[in-house]
Amino acid sequence: MCGIVGYIGKHAAAPVILDGLSKLEYRGYDSAGMAVFDGKHIQIRKSAGRLKVLEELTHGGATMPGNIGVGHTRWATHGAPSDINSHPHYNAEETIAVVHNGIIENYLPLKEKLVSKGYTFVSDTDTEVLAHLIDYYYKGNPLEAITKVMHRVQGSYALGILFAEHPDQIFAVRKDSPLIVGQNEDGCFIASDVPAILKYTRKVYFIQNQEVVRLRADHMHFYTVDEEEITKEPVTIEWDANAAEKGGYAHFMLKEMYEQPKTVTDTLSPRIKDKDIVIEELGMTEEEIKAIHKIFIVACGSAYHAGVTGKYVIEGIARIPVEVDVASEFRYRNPILEEGTMVIVISQSGETADTLAALRESQQLGHKVLGIVNVVGSSIAREADNVMYTWAGPEIAVATTKAYSAQLIALYLLAIKFGKVRGKLDEVAFYRMLEDLKRLPAQIEMLLANKQRIQRFANRYIGAKDVFFIGRGTDFAISMEGSLKLKEISYIHSEAYAAGELKHGTISLIEKGTLVAAVVTQDALFQKTLSNMVEVKARGAFVLAVTNEGNTEIEKAADYVIYIPRTNQYFTNSLAIIPLQLFGYYVAVGKGCDVDKPRNLAKSVTVE
Ligand code: G6P
């Protein structure tokens, strides 16, 4: 949540900051602001609303001259999204400016203490406490003041700080919120995430917890919270800079949906070697795989939905019991992790606060954690004992598509690997699964090519009030994700139900014309779900079915059918999700919604 960018160097800072913030708007977009040192003072401009408002306010940065500055795009936690609560925040003399991503948990006692010492506050934010607290401890040495503050605040923070008395320096600080710094021949940068500075440099340094960086135009110094200088090694980012651009697509979401064949290939192919599945990063011997008694999968949002699919697939193929938990529940429910329990956390961003906390909780209980993560070098990637990367590249749209698809692939690979090692799969079944996996990218491409038909269908539902998704087994798992895609971007109320459960209450919501999307890809459950479709149709529902090619019998219970190519029963989610993503996308487009940045959401949720 919240995005930070800072620049110090040969060029005007404001345009660089605005450009960087535009790549981070997915992190929060209810307000934005910048602080730039103009040679005499630190100027601040900030405003509620999208980054566009700040761009207009500053004429693209032209009204804020100066070569050193920090900027921020906000997702409100403390205090409504208003001009005054936007970042940066000043001290009273306007000689210190702070941008912050995270939450200061003990800001109230700190605020009381500062008020008792004569400090006055203008905003409702926790961040303003930092500006005044730094001021309180500042006696001419910025590093000393910052580290004193770090010893006193609790919570999470990534900070960018300017001092008017040190106009040749920016300070960057991090604890539990992401922050990177980078350098090129023209200057130094800070950012919450790589895409913000990828255009300028590929050499970045990942700041660790409780570290401070002093950036000058031509060099950077790194310090511990005890002011000891440390050295750090840069990491070269291999991503294509264009990956963070829309590249001619109307929205990032559409572009990212179209990248799914590649994402699936990239996640799959490095792990299929000589007709075998080789997951080196798993770090487990065959004996250790055989010794697994139970698996916990822990994640949030769509990553949780991928985990639900993972449960069905791992239990079905490898016959290992799997529990799936929403991370915010797992961390506080005192989970029973016995000997032989494997913990898998799944996260696109690698920064989700609850997922990170679940990882730490598991480690504290003495268990190794495997992270399935997309963002290289993210907190979860660094802290997990082993990391299996999903090679989806940068994902910008808040509603995930390609990273989710890559997560499914990672889970299939684990299930098949475990199934083989544990003797649950014979050679023929194993090779067939590998062949089916390899066919998925081309099959996804075929489904994407069908987008116009789905767009026409979606246009009929832009006025819908409620939509229900039903399915059994893995079809239920994909219904959850299909339902989330629709509601989060189109604001149409939608629920996913296990098809057999609908009649225990929810069916009373079905009215004439209510859309029910039934996913029916599990042959063994076909007749069962068909009966549930008939039940809702009898009550007036309009039934959309997503089913396997050849299942034409469905047409007697469905009003509209989308056929998906045949694959192994455990992999159908990778195909069924494509029309559901397209449906959600086109309904939202038809309604004129801001598809890439839905209201109230953020892509990287670094608060509990
Ligand atoms: C946010 C995003 C979702 C995402 C969830 C978990 O809510 O909007 O798309 O699934 O966070 O994020 P993660 O980065 O941990 O996968």
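(A) How the structure looks around the packing of helix H13 (residues 402-421) against helix H18 (residues 572-591). Contact pair H13 / H18: the axes reach a minimum separation of 10 Å and the direction vectors enclose 170°. One way to sum up the angle between H13 and H18 is to call them roughly antiparallel. Along its contact with H13, which presents Tyr 404, Ser 405, Leu 408, Ile 409 and Tyr 412, the element H18 presents Asn 573, Ser 574, Ile 577 and Gln 581.

(B) Local environment of the sheet that holds strand E21 (residues 369-373). In spatial order, the strands read E19-E18-E20-E21-E22; together these five strands make up an open sheet with parallel pairing. Unpaired on one side and paired on the other, strand E19 (322-326) and strand E22 (386-389) mark the two borders of the sheet. Averaged over all adjacent pairs, the angle separating strand axes in this sheet is 20°, with direction ignored. Two strands pair when backbone bridges link them, and strand E18 (residues 294-299) and E19 are joined in this way by five bridges, in the parallel orientation. Within the sheet, the bridge partner assigned to Ile 295 lies in E19 and is Val 322. Relative to the sheet, helix H11 (residues 353-364) contacts E18, strand E20 (341-347) and E21, its axis offset from that of E20 by approximately 160°.

(C) Structural detail: the sheet that holds strand E26 (residues 542-548). The strand order E24-E23-E25-E26-E27 describes an open sheet built from five strands, whose pairing is parallel. Bordering the open sheet on either side are strand E24 (493-498) and strand E27 (560-564), each of which pairs with just one other strand. Across the sheet, the mean angle separating the axes of adjacent strands is 15° when strand polarity is ignored. The pairing of E26 with E27 spans five bridges and is classified as parallel. Bridge assignment links Val 546 to a residue of E27, and that residue is Ile 562. This element, helix H15 (residues 451-459), spans strand E25 (515-520), E26 and E27 of the sheet and lies at about 150° to E27. Set on the sheet, H18 makes contact with strand E23 (466-471), E25, E26 and E27; between it and E27 the angle comes to about 135°.

(D) View of the packing of aromatic side chains. Scanning all chains against the criterion turns up 18 aromatic pairs. Look at Tyr 249 and Tyr 258: their rings are 5.7 Å apart centre to centre, the planes differ by 40°, and that puts the pair in the tilted class. Of the residues examined, Tyr 249 reaches a relative accessible area of 32% and is grouped as partly exposed. Owing to a relative accessible area of 27%, Tyr 258 belongs among the partly exposed residues under this scheme. An aromatic cluster is built from Phe 457, Tyr 461, Phe 542, Tyr 560 and Phe 583, whose rings are joined through pairwise contacts. Across the ring face of Phe 430, the terminal group of Lys 420 is positioned such that the distance to the ring centre comes to 4.6 Å.

(E) Representation of the site of the ligand in the model. Near the ligand, the surroundings consist of 13 residues, among which Ser 302, Ser 347, Gln 348, Ser 349 and Thr 352 are the closest. Contact between the ligand and Ser 347: an oxygen atom at 2.6 Å from a side-chain N or O atom of the residue. Separating an oxygen atom of the ligand from a backbone N or O atom of Gln 348 is a distance of 2.7 Å. In isolation the ligand offers 390 Å² of accessible surface; the protein chains occlude 89% of this area. When residues in the shell around the ligand are grouped by element, the largest group, three residues, is from helix H9 (residues 301-318).

Reading the values: the criteria
- Within each chain, residue numbers correspond to sequence positions counted from 1 in written order.
- Per-residue local features are limited, in this predicted model, to residues with pLDDT of at least 70; the limit for side-chain atom pairs, both in listing and counting, is 80 or more; totals at the level of whole chains, interfaces and linings are taken over all residues.
- Hydrogens and waters are ignored; side-chain quantities use all the structure's heavy atoms.
- To obtain each axis, a line is fitted to C-alpha atoms, and for helices this fit is confined to the stretch in contact; angles are then taken between N-to-C directions over 0 to 180 degrees.
- Strands here are runs of E lasting at least two residues and helices are runs of H or I lasting at least four, both read from the DSSP assignment and numbered beginning at the N terminus.
- Should an angle fall under 35 degrees it is called roughly parallel, over 145 degrees roughly antiparallel, and 65 to 115 degrees roughly perpendicular, with every other angle called oblique.
- Every residue pair with non-hydrogen atoms within 4.5 Å of one another is taken to be in contact.
- Between any two strands, pairing holds if DSSP finds at least two bridges.
- Each aromatic pair joins two rings of Phe, Tyr and Trp (for Trp, the six-membered one) with centres within 6.5 Å, and gets the label stacked for planes under 30 degrees apart, edge-to-face for over 60, and tilted for any other angle.
- Burial classification: accessible surface area is computed with a 1.4 Å probe over protein chains only, and a residue below 20% of its type maximum counts as buried, one above 50% as exposed, and the rest as partly exposed.
- Distance and angle both matter: a charge sits over a ring if NZ of Lys or CZ of Arg is within 6 Å of the ring centre and within 35 degrees of the ring normal.
- Residues are classed as near a molecule or strand on a simple rule: at least one heavy atom within 4 Å of it.
- N or O atoms within 3.5 Å of each other form a polar contact, as long as, within protein, one can give a hydrogen and the other can take it, and as long as residues adjacent in sequence are counted only when both atoms are side-chain atoms.
- Here the Shrake-Rupley method, with its probe set to 1.4 Å, supplies the accessible areas, and only the displayed protein chains count as covering residues.

Purely spatial values, then, with no claim about function.
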